[in-house]
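# Structural description and commentary
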Amino acid sequence: EAQVTQNPRYLITVTGKKLTVTCSQNMNHEYMSWYRQDPGLGLRQIYYSMNVEVTDKGDVPEGYKVSRKEKRNFPLILESPSPNQTSLYFCASRFRAGGFEAFFGQGTRLTVV
Amino acid sequence: AQKVTQAQTEISVVEKEDVTLDCVYETRDTTYYLFWYKQPPSGELVFLIRRNSFDEQNEISGRYSWNFQKSTSSFNFTITASQVVDSAVYFCALSEARSTKGSRLTFGEGTQLTVNP
């Protein structure tokens, strides 16, 4: 089954404790990205990757890191999480950029206390 | 810069009513793509439709229809004879073909649709 898999689904952590949210897709898509969803703001792109070893900042990259060492995986790293990073996070993949629709993971609900 | 606006934050209707969700976009590109996604209460994001900027034909899929008008930069979504299962947050999104940000998908704020029995 074609899918994007994120883990964990729920995470509660404390300020400053490094964490990684994993994302994996099995569709051989070139383009992957991370979004955060906040009430009233829709989904905002954090980082994106157009292919292996090619990543760039989205609209809200501060406090986040990513890497794309393999085509299928695109982890999101929070080196020192803060309460303002409490949000619902989605990983997405697209065959390519442009007119291709995005397939989304199930989401990760992160709470930083 | 690309932008999507969904001015309706929340809409509440009674089952079987028709409802239209508005989407207005801004872009400088002549080639772009518009999308609608549905987010039911379970939280996942479900792709509904994609249109490219050269195809202004309206589209109908069952009870769903979409009205794309370049003259008003709008891509509105109508649900006919709404059902309780249509209750969800609906997002409109835009992707430019030649964006400096890698053709990212820019989303609107979303419209929470509640269909009451």
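Cut-off values and rules
Residues numbered from 1 in each chain as written. Chains lettered and ligands numbered in written order. Predicted model: local features only at pLDDT ≥ 70, side-chain atom pairs only at ≥ 80, totals over all residues. Heavy atoms only, no water. Helix = DSSP H or I, 4+ residues; strand = E, 2+ residues; numbered from the N terminus. Rg over C-alpha atoms; globule rule 2.2 N^0.38 Å. Buried < 20%, exposed > 50% of the residue type's maximum accessible area, 1.4 Å probe, protein only. Phe/Tyr/Trp six-rings, centres within 6.5 Å; stacked < 30°, edge-to-face > 60°. Contact = heavy atoms within 4.5 Å. Polar contact = N/O pair within 3.5 Å; in protein donor to acceptor, adjacent residues only side chain to side chain. Pairing = 2+ DSSP bridges. Salt bridge = Lys/Arg side-chain N within 4 Å of Asp/Glu carboxyl O.

### A look at the overall build of chain B
A tally of regular secondary structure across chain B gives zero helices and 12 strands. If you list the helices and strands of chain B from N to C, you get β-β-β-β-β-β-β-β-β-β-β-β. Its C-alpha atoms give chain B a radius of gyration of 14 Å, within 12% of the compact-globule value 13 Å for 117 residues. Dimensions along the principal axes, computed over C-alpha positions, put chain B at roughly 45 × 30 × 20 Å. For chain B, with 117 residues in total, the buried portion stands at 50%.

### Remarks on the packing of aromatic side chains
All chains considered together, the criterion is met by 21 aromatic pairs over all chains. Considering the side-chain rings of Tyr35(A) and Phe104(A), the 6.0 Å spacing of their centres and the 55 degrees angle between planes classify their relative orientation as tilted. Remark: Phe104(A) occurs in strand E10 (residues 103-104) and Tyr35(A) occurs in strand E4 (residues 31-38); sequence separation between them is 69 residues. Summarising the burial analysis for this pair, Tyr35(A) and Phe104(A) share the class buried. When the centroid spacing of 5.0 Å and the interplanar angle of 5 degrees are considered together, the rings of Trp66(B) and Phe77(B) count as stacked.

### Examining the environment of Ile12(A)
All names here are of chain A. Locating Ile-12 in the fold gives a position in strand E2 (residues 10-13). You can call Ile-12 exposed: its relative accessible area is 66%. Along the backbone, Ile-12 and Val-112 are 100 residues apart, and their C-alpha atoms lie at a distance of 6.0 Å. Here Ile-12 is in contact with Thr-111 and Val-113, once residues within four sequence places are set aside.

### A few points about the environment of Tyr31(A)
Residues and elements named next belong to chain A. Here Tyr-31 is to be found in strand E4. Looking at Tyr-31, the relative accessible area reads 1%, which means it is buried. Spatially, the C-alpha atoms of Tyr-31 and Thr-5 are 15 Å apart, while their sequence positions differ by 26 residues. For Tyr-31, the side chain forms a polar contact with the side chain of Gln-45, separated by 3.4 Å.

### Some remarks on the pairing of strand E8 (residues 64-69) of chain B
Residue and element names in this part refer to chain B. As paired elements, strand E7 (residues 59-61) and E8 share three bridges and run antiparallel to each other. Looking across to E8, one finds that Ile-60 is bridged to Ser-65. Hairpin geometry of E7 and E8 is characterised by an intervening segment of two residues between the two adjacent antiparallel strands and by a positive phi of about 65 degrees at Gly-62. Across six bridges, E8 lies against strand E9 (residues 74-79) in antiparallel orientation. In the sheet register, Gln-69 faces E9, and the bridge partner there is Ser-74.

### Here we look at the pairing of strand E1 (residues 4-7) of chain A
All names here are of chain A. Along E1, the buried face is formed by Val-4 and Gln-6; none of Thr-5 and Asn-7, which line the opposite face, is buried. Of the strand pairs in this sheet, E1 and strand E3 (residues 19-25) are connected by four bridges, and their pairing is antiparallel. When the sheet's bridge partners are listed, Thr-5 is paired in E3 with Ser-24.

### Overview of the sheet that holds E3(A)
Residue and element names in this part refer to chain A. Pairing is antiparallel across the open sheet formed by four strands, whose spatial order is E1-E3-E8-E7. Among the strands making up the open sheet, the edge pair consists of E1 and strand E7 (65-66). The pairing of E7 with strand E8 (residues 76-78) spans two bridges and is antiparallel. Within E8, the position partnered with Val-66 by the bridge is Leu-76.

### Quick notes on the side chain of Ser82(B)
Residues and elements named next belong to chain B. Its location among the elements puts Ser-82 in the loop between E9 and strand E10 (88-96). Separated by 2.8 Å, the side chain of Ser-82 and the backbone oxygen of Glu-17 make a polar contact. Excluding its chain neighbours within four sequence positions, the residues that come into contact with Ser-82 are Val-13, Val-14, Glu-15, Lys-16, Glu-17, Arg-63 and Val-115.

### Points about the pattern of salt bridges
Tallied over the entire structure, the rule returns nine salt bridges over all chains. A salt bridge links Lys65(A) to Glu79(A); its shortest N-O distance comes to 2.9 Å. Here Glu79(A) lies in the loop between E8 and strand E9 (87-94) and Lys65(A) lies in strand E7, a separation of 14 residues in the sequence. The class for Glu79(A) is partly exposed, based on a relative accessible area of 36%. Residue Asp86(B) pairs with Arg63(B) through a salt bridge whose shortest N-O separation is 2.7 Å. Placement of Asp86(B) in the loop between E9 and E10 and of Arg63(B) in the loop between E7 and E8 is noted, with a sequence separation of 23 residues between them.

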